[in-house]
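What follows is each chain in one-letter form.
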Amino acid sequence: MRALIQRVSEASVSVDGRMIGRTGPGLLVLVCAMEGDTEHQARNLAAKTAKLRIFRDDAGKMNRSLLDCAGSALVISQFTLAADTSRGNRPGFSGAAAPAEGERLYLDFARALSGFGIPVETGAFGADMAVSLVNDGPVTIWLESAFDA
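No experiment lies behind these values; they were computed from the predicted model shown.

Would you take a moment to explain the overall build of the protein chain for this structure?
Broken down by element type, the protein chain carries three helices and eight strands. What you see in the protein chain, going N to C, is helices and strands ordered as β-β-β-α-β-β-α-β-α-β-β. For the protein chain, the C-alpha radius of gyration of 15 Å lies close to 15 Å, the compact-globule estimate for 149 residues. Seen along its three principal axes, the alpha-carbon backbone of the protein chain occupies a region of about 45 × 40 × 30 Å. Within the protein chain, the fraction of its 149 residues that count as buried is 42%. Restricting the contact set of the protein chain to residue pairs at least 6 apart, pairs at least 24 apart contribute 73%. Entry remark: accessible area of the protein chain is about 8,000 Å², with carbon and sulfur atoms responsible for 48%. One way to put it: in the protein chain the 15 positive side-chain charges average out to a point 4 Å from where the 17 negative ones average out.

What follows is the structure, encoded as structure tokens:
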């Protein structure tokens with residue numbers, strides 16, 4: 001699985017002009033399940049996200065996690081993180097999980113993150129969403145599930 005994590009002071013997602021999720025301060029997490037990904041990888045990625053020390057401590061250093069800050073998260077499915085741009089100018093997305101599997105793993109990730117006691121709101125899988133955010137820092141981190149949490 002892949003995730004693009006942004007530390008935000010606020011973020012929201014709307015579908016058809018209606019806000020369906022928001023967070024702040026905390027994280028906006030764009031998540032993509034790749035072909036062959038597993039629930040174990042979704043849980044590990046959620047654990048890494050919850051424990052990632054990217055929030056400022058009293059000295060101004062990035063030394064606190066989302067758990068330490070009692071922050072919240074907005075989790076959005078984002079299959080375009082699977083983009084293969086190695087050939088030509090049109091990205092390919094064949095590395096993304098099939099839609100049913102992608103949705104299942106995206107929801108597994110959100111549930112696992114919530115399991116840490118983090119308030120989690122989500123977007124709408126497969127919908128045309130409008131995402132707004134105020135990136136704090138800015139801090140943007142790319143994670144992949146090829147690790148043990």
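Next comes the rest of the description.
Mind showing me how you'd approach the packing of helix 1 (residues 39-51) against helix 3 (residues 99-114) here?
Between two packed helices, the angle of one axis relative to the other and the distance separating the axes together describe the packing. Contact geometry of helix 1 with helix 3 gives a least axis separation of 8 Å together with a crossing angle of 40°. Viewed along their axes, helix 1 and helix 3 adopt a mutual orientation that is oblique. Judged by the sense of rotation from one axis to the other, the crossing of helix 1 with helix 3 is right-handed. Across the interface between the two elements, Glu39, Ala42, Arg43, Leu45, Ala46, Thr49 and Ala50 of helix 1 pack against Arg104, Leu105, Asp108, Phe109, Ala112 and Leu113 of helix 3. Of the residues in the contact of helix 1 with helix 3, the class split is eight nonpolar, one polar and four charged.

In this structure, what is going on with the pairing of strand 1 (residues 2-15)? I would like to understand it.
Regular strands place their side chains on alternate faces of the sheet. Burial within strand 1 is extensive, with 12 of its 14 residues counted as buried. Pairing of strand 1 with strand 3 (residues 26-32), which is carried by seven bridges, proceeds in the antiparallel orientation. Across the sheet, Leu4 pairs through a bridge with Leu30, a residue of strand 3. The pairing of strand 1 with strand 8 (residues 129-144) spans 13 bridges and is antiparallel. The residue of strand 8 that forms the bridge with Val8 is Asn135. Here five bridges tie strand 1 to strand 2 (residues 18-23), and the two strands are oriented antiparallel to one another.

What is the right way to read the nonpolar core from this model?
Most often, soluble globular proteins keep nonpolar side chains buried together rather than apart. Ranked by internal contacts, the top residues of the largest apolar core, which has 27 residues, are Met1, Ile5, Val29, Val75, Phe109 and Leu113. At the level of secondary structure, the elements contributing two or more residues to this core comprise strand 1, strand 3, helix 1, strand 6 (72-77), helix 3 and strand 8. Here this core gets six residues from one element, more than from any other, and that element is helix 3. In contact with Val75, not counting residues within four places along its chain, are Val29, Val31, Tyr106, Phe109, Ala110, Leu113, Val120, Glu121, Thr122 and Gly123. Within the second largest apolar cluster, 15 residues are counted, among which are Val15, Met34, Ile76 and Ala82.

Where do I start with the layout of surface pockets in this structure?
To find the voids left in a structure, one rolls a probe of water-molecule size over its atoms. Here the largest pocket defines a volume of roughly 370 Å³. Lining the largest pocket are 24 residues, and of these Ser77, Gln78, Phe79, Thr80 and Gly126 lie nearest its centre. Those elements that place two or more of their residues in the lining of the largest pocket are strand 3, strand 6, helix 3 and strand 8. Examining the composition of the lining of the largest pocket, we find that four residues originate from one element, strand 3, more than from any other.

What should I look at first to understand the environment of Ala33 in this one?
Within the secondary structure layout, Ala33 lies in the loop between strand 3 and helix 1. Remark: the alpha-carbon pair of Ala33 and Ser145, spanning 112 residues in sequence, is separated by 9.7 Å. Among all residues touching Ala33, those that are not within four sequence positions of it are Met1, Ala96, Ala97, Gly102 and Leu105.

Reading the values: the criteria
- Position numbers for residues start from 1 in each chain and track the written sequence from start to end.
- pLDDT decides what is reported in this predicted model: residues at 70 or higher carry local features, side-chain atom pairs at 80 or more are listed and counted, and totals for whole chains, interfaces and linings draw on all residues regardless.
- The basis for every side-chain value is the complete set of non-hydrogen atoms in the structure, without hydrogens or water.
- Note on conventions: DSSP H or I runs of at least 4 residues are helices, E runs of at least 2 residues are strands, and numbering of each starts at the N terminus.
- Computation of the radius of gyration draws on C-alpha atoms, with the globule rule given as 2.2 Å multiplied by the number of residues to the power 0.38.
- Summary of the burial criterion: residues with accessible area below 20% of their type's maximum are buried, those above 50% are exposed, and those between are partly exposed, where the area comes from a 1.4 Å probe applied to protein chains only.
- Whether two residues are in contact is decided by their heavy atoms, any of which lying within 4.5 Å being enough.
- We get accessible surface area from the Shrake-Rupley algorithm with a probe of 1.4 Å; when it comes to residues, only the shown protein chains can shield them.
- Charge counting treats Lys and Arg as positive and Asp and Glu as negative, with His and both chain ends excluded.
- All charge positions are set by atom: Lys at NZ, Arg at CZ, Asp at CG, Glu at CD.
- Lines fitted to C-alpha atoms define the axes, with helix axes restricted to the stretch in contact, and inter-axis angles between N-to-C directions lie between 0 and 180 degrees.
- Comment on the angle field: the value is read as roughly parallel under 35 degrees, roughly antiparallel over 145, roughly perpendicular from 65 to 115, and oblique elsewhere.
- Throughout, a crossing is termed right-handed when the near helix is turned clockwise from the far one, and left-handed when it is turned anticlockwise from it by less than a right angle.
- Under the grouping applied here, Gly and all other residues not named as nonpolar or charged are polar, the nonpolar ones being Ala, Val, Leu, Ile, Met, Phe, Trp, Tyr, Cys and Pro and the charged ones Asp, Glu, Lys and Arg.
- DSSP-based pairing: two strands are paired if at least 2 bridges between them are found.
- Only buried Ala, Val, Leu, Ile, Met, Phe, Trp, Tyr and Cys residues count toward a nonpolar core, and they belong to the same one when joined by side-chain atoms within 4.5 Å.
- Definitions used for this entry: grid spacing 1 Å over protein atoms alone; cavity, a set of points where a 1.4 Å probe fits but cannot get out; pocket, an open set with protein on both sides within 12 Å along at least 5 of 7 lines; lining residue, one with an atom within 4 Å of a point.
- Grid points are joined across faces, edges and corners, and a volume is the space filled by probe spheres set on the points.

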